[in-house]
Amino acid sequence: MAGPIAKARHVAHRSRRQGTSSLFRATLSVALVLTSALAIIAVRSALTQSSAVGSAPVASQVAVDGLAAGACMSFPPTTQGKGKTVFLDPGHGGLDPGVVGASGGRQVLEKDIALAVSTRLTALLRAAGYRVVMSRIADSSVARLSDADSLSGAMTASAVHRDLLARTACANAANSSVMVSIHFDAFDDPSVGGTETFYDSARPFAPQSKALASALQTALVSELDSADRGVWTDEQLAAPTLTASGSTYGHLILLGPASTGWVDNPSRMPGALVEPLFLTNPNEARFAADPAGQQRIAVGLKAGLERYFSSTP
Ligand SMILES: [Zn+2]
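No experiment lies behind these values; they were computed from the predicted model shown.

Please explain the overall build of the chain as it appears in this structure.
In terms of helices and strands, the chain carries seven helices and twelve strands. In the chain, which comprises 313 residues, the proportion classed as buried is 52%. Considering only intrachain contacts with a sequence separation of at least 6, the fraction spanning at least 24 residues in the chain is 78%.

Would you take a moment to explain the packing of helix 4 (residues 206-224) against helix 7 (residues 291-311) for this structure?
The relative placement of two packed helices is expressed as an angle between their axes plus a distance between the axes. Two elements in contact, helix 4 and helix 7, have axes separated by 8 Å at closest approach and are oriented at 140°. One element, helix 4, and the other, helix 7, form an angle in the oblique class. Every pair of crossing elements has a handedness; the one defined by helix 4 and helix 7 is right-handed. Packed against helix 4, whose contacting residues are Ala-211, Leu-212, Ala-215, Leu-216, Thr-218, Ala-219, Leu-220, Glu-223 and Leu-224, the element helix 7 presents Arg-296, Ile-297, Val-299, Gly-300, Leu-301, Ala-303, Gly-304, Arg-307, Tyr-308 and Ser-311 at the interface. When the residues that make up the contact of helix 4 with helix 7 are grouped by side-chain class, the tally is twelve nonpolar, four polar and three charged.

Is there a simple way to think about the nonpolar core in this case?
Side chains of nonpolar character tend, in soluble globular proteins, to be buried together. Counting residues in each nonpolar core, the largest one holds 83 residues, and the members touching the most others are Val-180, Leu-216 and Leu-279. If we ignore the near neighbours within four places in the chain, the residues touching Val-180 are Val-86, Leu-88, Asp-89, Leu-216, Ala-272, Val-274 and Leu-301.

Hey, could you run me through the packing of helix 2 (residues 110-127) against helix 7 in this one?
At a minimum axis distance of 8 Å, the contact between helix 2 and helix 7 shows a crossing angle of 55°. Considered as vectors, helix 2 and helix 7 are oriented oblique to each other. Of the two elements, helix 2 crosses helix 7, and the hand of that crossing is right-handed. Contacts between helix 2 and helix 7 involve Ile-113, Ala-116, Val-117, Arg-120, Leu-121, Leu-124 and Leu-125 from the first element and Gln-294, Gln-295, Ile-297, Ala-298, Val-299, Leu-301 and Lys-302 from the second.

What exactly am I supposed to notice about the sheet that holds strand 2 (residues 71-75) here?
Two orientations exist for strands paired in a sheet by backbone hydrogen bonds: parallel and antiparallel. Across the sheet, which stays open at both edges, the eight strands sit in the order 1-2-6-3-9-12-10-11 with mixed pairing between neighbours. Across the chains shown, the open sheet's two edge strands, defined by having one partner strand only, are strand 1 (60-61) and strand 11 (228-233). One ladder, built from four bridges, connects strand 2 with strand 6 (residues 131-136); its direction is antiparallel. By the bridge assignment for strand 6, Ala-71 is matched with Arg-136.

What should I look at first to understand unusual backbone geometry in this one?
Peptide bonds are, in most cases, trans, and in most cases residues other than glycine have a negative phi. Residue Asn-175 is not a glycine yet carries a positive backbone phi of 50°. In this structure, Asn-175 sits in the loop between helix 3 (157-173) and strand 9 (178-182). Taking the number of C-beta atoms within 10 Å as the measure of exposure, Asn-175 has 13 and is therefore partly exposed.

Which parts of the structure should I look at to understand the environment of Pro-276?
Here Pro-276 lies in the loop between strand 12 (271-275) and helix 6 (282-289). Note: C-alpha distance between Pro-276 and Thr-195 (81 residues apart in sequence) is 4.6 Å. Apart from residues no more than four positions distant in its own chain, Pro-276 is found in contact with Phe-184, Thr-195, Leu-220, Leu-224 and Ile-297.

Would you explain the pairing of strand 5 (residues 106-109) in this entry?
Every other side chain in a regular strand lies on the same face of the sheet, so the side chains alternate between the two faces. Bridging between strand 4 (residues 100-103) and strand 5 involves four bridges; their strand directions are antiparallel. Each bridged residue has a counterpart across the sheet, and for Gly-101 the counterpart in strand 5 is Val-108.

Which parts of the structure should I look at to understand the environment of Asn-172?
By the element assignment, Asn-172 lies in helix 3. Owing to 18 C-beta atoms within 10 Å, Asn-172 belongs among the partly exposed residues under this scheme. When the C-alpha positions of Asn-172 and Arg-268 are compared, they lie 6.2 Å apart, and in sequence the two are 96 residues distant. Those residues in contact with Asn-172 that sit more than four places away from it in its chain are Asn-265, Ser-267 and Arg-268.

Would you explain the confidence of the model for the chain in this entry?
A low pLDDT score tells you not to read the predicted coordinates there in detail. Chain-level statistics for the chain give a pLDDT mean of 85 and a share of 79% at 70 or above. Confidence drops under a pLDDT of 50 for residues 6-28, and excluding neighbours within four residues, the segment shows 29 contacts in the predicted structure. A low-confidence stretch, residues 46-54 stays under pLDDT 50, and its non-local contacts, those more than four residues away or across chains, total eleven contacts.

Here is what the cut-offs are and how they apply
Residues numbered from 1 in each chain as written. Predicted model: local features only at pLDDT ≥ 70, side-chain atom pairs only at ≥ 80, totals over all residues. Helix = DSSP H or I, 4+ residues; strand = E, 2+ residues; numbered from the N terminus. Buried ≥ 20, exposed ≤ 12 C-beta atoms within 10 Å, placed from the backbone. Contact = placed C-beta atoms within 7 Å. Axes fitted to C-alpha atoms, helices over the stretch in contact; angles between N-to-C directions. Parallel < 35°, antiparallel > 145°, perpendicular 65-115°, else oblique. Left-handed = near helix turned anticlockwise from the far one by under 90°. Nonpolar A, V, L, I, M, F, W, Y, C, P; charged D, E, K, R; others polar. Core = buried A, V, L, I, M, F, W, Y, C linked by C-beta atoms within 7 Å. Pairing = 2+ DSSP bridges. pLDDT = per-residue confidence, 0-100.

This is the structure:
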């Protein structure tokens, strides 16, 4: 069996941009302000929607230092609670688009698809009795950023690092039962497609993480009828990382173990990172950009989570 696709996760697009004009820097500052403003509007909108559902309490922000507006939001179940919290992490956001695919002449951004799927999955899980905490509910970073955190229209390496640590801090502060990070895949060859899922094997709860990853992978492949590219450890994910520290670490920050000065407070619950489809594959990008397709992905993920919880005390 072939190994997982190596790709520039969390890194793509960044290194290709060269040169910075002062006008561009100014534009960037405006973009940061606008992103924050839009995030605040999205938060208000989410709060309004929650209270409009009925007697369900409104969403609230989990207390974590240095969060962006609209980051780390907790949503109570909308039916009788199961006493479990699912942490959902829509990958990327704000100045970090993630994978840039295309469908019908339009760009399909990983950050947008991940958020759309996560939002739909949140509704499904709340209706099934779960509390859900989303790392972000708008097109924003999770860590609060300043001008110094961007360069040539992209987040700096240290900002990306801090943003990933903020996601982990959110999952921990929310006392999550599990964490699921939602990303989409990319590869140079547009004919490549399918589903793959990652977990970290170096944690005390690695057996549960593997069970979670396997349940999500099986349910996604079944729901999407996609090519089963398998379940892998994050050490097998040979993605180029941003810095020498990241390469030395060799794990995904969200899932991996403690490493002094790089990941001082690692995630404390079983976790998996899913890549349901490839946005560089035109057919899969079209499916992922379609609201009906996004709902199918959410339905698959919910089925995988239910399967995991039913087999885990
Ligand atoms: Zn990604």
